[in-house]
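Survey of secondary and tertiary structure
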Amino acid sequence: MKINLLIFLLFSSPVVVAQTTDPAEPSSSKTVEHAKVRQFADEQGNLQPITSVKDWEIRRSDVLRSMQLVMGELPDRSKLGKVDYQVIDEVRLENGIKRLTIRFRTEKEDLVPALLLLPKRAEGKKAPAILALHQTIPIGKQEPAGMGGSANLHYGKELAERGYVVLIPDYPSFGDYAYDFSQHKQWMSGSLKAIWNNMRAVDLLQQLDGVDPQRLGVIGHSLGGHNSIFTAVFDQRLKVVVTSCGFTRFHKYYGGNLKGWTSDRYMPIISQQYGNDPNRVPFDFPELLAAIAPRAFFTNSPIHDDNFDCDGVRETIAEAAFVYGLYNAMDNLVAKYPDSAHDFPPATRREAYDFIDTHLKQ
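Structure report, in brief.

Cut-off values and rules
Residues numbered from 1 in each chain as written. Predicted model: local features only at pLDDT ≥ 70, side-chain atom pairs only at ≥ 80, totals over all residues. Heavy atoms only, no water. Helix = DSSP H or I, 4+ residues; strand = E, 2+ residues; numbered from the N terminus. Contact = heavy atoms within 4.5 Å. Polar contact = N/O pair within 3.5 Å; in protein donor to acceptor, adjacent residues only side chain to side chain. Pairing = 2+ DSSP bridges. Axes fitted to C-alpha atoms, helices over the stretch in contact; angles between N-to-C directions. Buried < 20%, exposed > 50% of the residue type's maximum accessible area, 1.4 Å probe, protein only. Right-handed = clockwise from strand over helix to strand, strands pointing away.

1. Things to note about the environment of Lys361
Within the fold, Lys361 resides in the segment after α9 (346-360). Residues Lys361 and Ser244 lie 117 residues apart in sequence; the distance between their C-alpha atoms is 21 Å. The contacts of Lys361, once residues within four sequence positions are left out, are Pro128, Arg162, Tyr164, Arg215 and Ile356. Polar contacts involving the side chain of Lys361 include one to the main-chain carbonyl oxygen of Arg162, which spans 2.4 Å.

See the structure below:
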């Protein structure tokens, strides 16, 4: 996979790199600042101001390549068939929702445990659908499904009650997903494996008879919050992205100490190659949010979140707004800063659900 990535980079336009480079990293004659999204590297590697969507699309391509330097190369998806899945159990809930326990295949030898919530719907009508991603919690998918954990994080169940088909997979190594990262060397990072699984989950949603394949979104808290972002950057079928307590600028994450991002579940290369140094990591969240533009993006970022510094979120939103402005899509970028800790308070959840409704039900 690393060899394929090197070949891919050699025949691509210049990759934007961090301001302090490593001999193993690609380089260009000048570099952009990853916390800013107002310049791009031209074919000669010289920095130019971004003045149009066309300019931004050049930078966006560089952002995706830089993410893959850290996460690993996203495998080719052009020859994938339908997603094979098995229904293990079915429960009818009091509110008319059917909750299916399923496993869906993402690789030949890998079945991902998930819950599929099917709402009551009018005959012949197709419903919008949501991919719901859980936080770091041992029960994994059960929390968003309303089967345990915090009531403030039962967003999968609550969205099903609002008429959405909701698919809630386990992140590798959580819930019922007994995944040993050391046995799967084809994946350079747990983050990329999760992105791959999530994109196959979107494939599954699109093939379900009761789903409108054009009305899809993603929501997640904490671990699920940044994985919503990562997945949406690569998968433009997701028209709405809601992240709760999911990000801040790398420089504002625990004072710039990125150790928390470096376990096998995340991106070990941040430690192994970039020394946990935000100045060296070749991407940052302002670029990722901008890469979602002009699609609808909503963040719940509490001002007392100890994990993801709120000031770093505000700076990220301000930069992403520049790109949303290029698309004349400022209404699609919404940030809420409730007076709470690392949580998804009821009032902000209602605002998030209304935001989803605006973009997927109309």
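Continuing now.
2. Regarding the sheet that holds strand β7 (residues 165-169)
Reading across the sheet, the 9 strands line up as β3-β4-β5-β7-β6-β8-β9-β10-β11 and stay open at both edges, with mixed pairing between neighbours. Every other strand in the sheet has two partners, leaving β3 (85-92) and β11 (333-336) as the edge strands with one partner each. Across the sheet, the mean angle separating the axes of adjacent strands is 20° when strand polarity is ignored. Across 3 bridges, the pairing between strand β6 (residues 127-133) and β7 is parallel. Looking across to β7, one finds that Ala129 is bridged to Val165. Docked against the sheet, helix α4 (residues 190-207) engages β3, β4 (98-107), β5 (110-118), β6, β7 and β8 (211-221), running at close to 125° with respect to β4. Strands in contact with helix α5 (residues 223-234) are β6, β8, β9 (240-244) and β10 (296-300); relative to β8, the strand with the most contacts, it is inclined by about 140°.

3. Comments concerning the pairing of β6
With 7 of 7 residues buried, β6 lies mostly within the body of the structure. Judged from the 6 bridges that link them, β6 and β8 form a sheet pairing that is parallel. Paired with Leu133 across the two strands is Gly220, which belongs to β8. Chirality of the crossover, the property in question, places the unit of β6, helix α3 (residues 155-161) and β7 among those that are right-handed.

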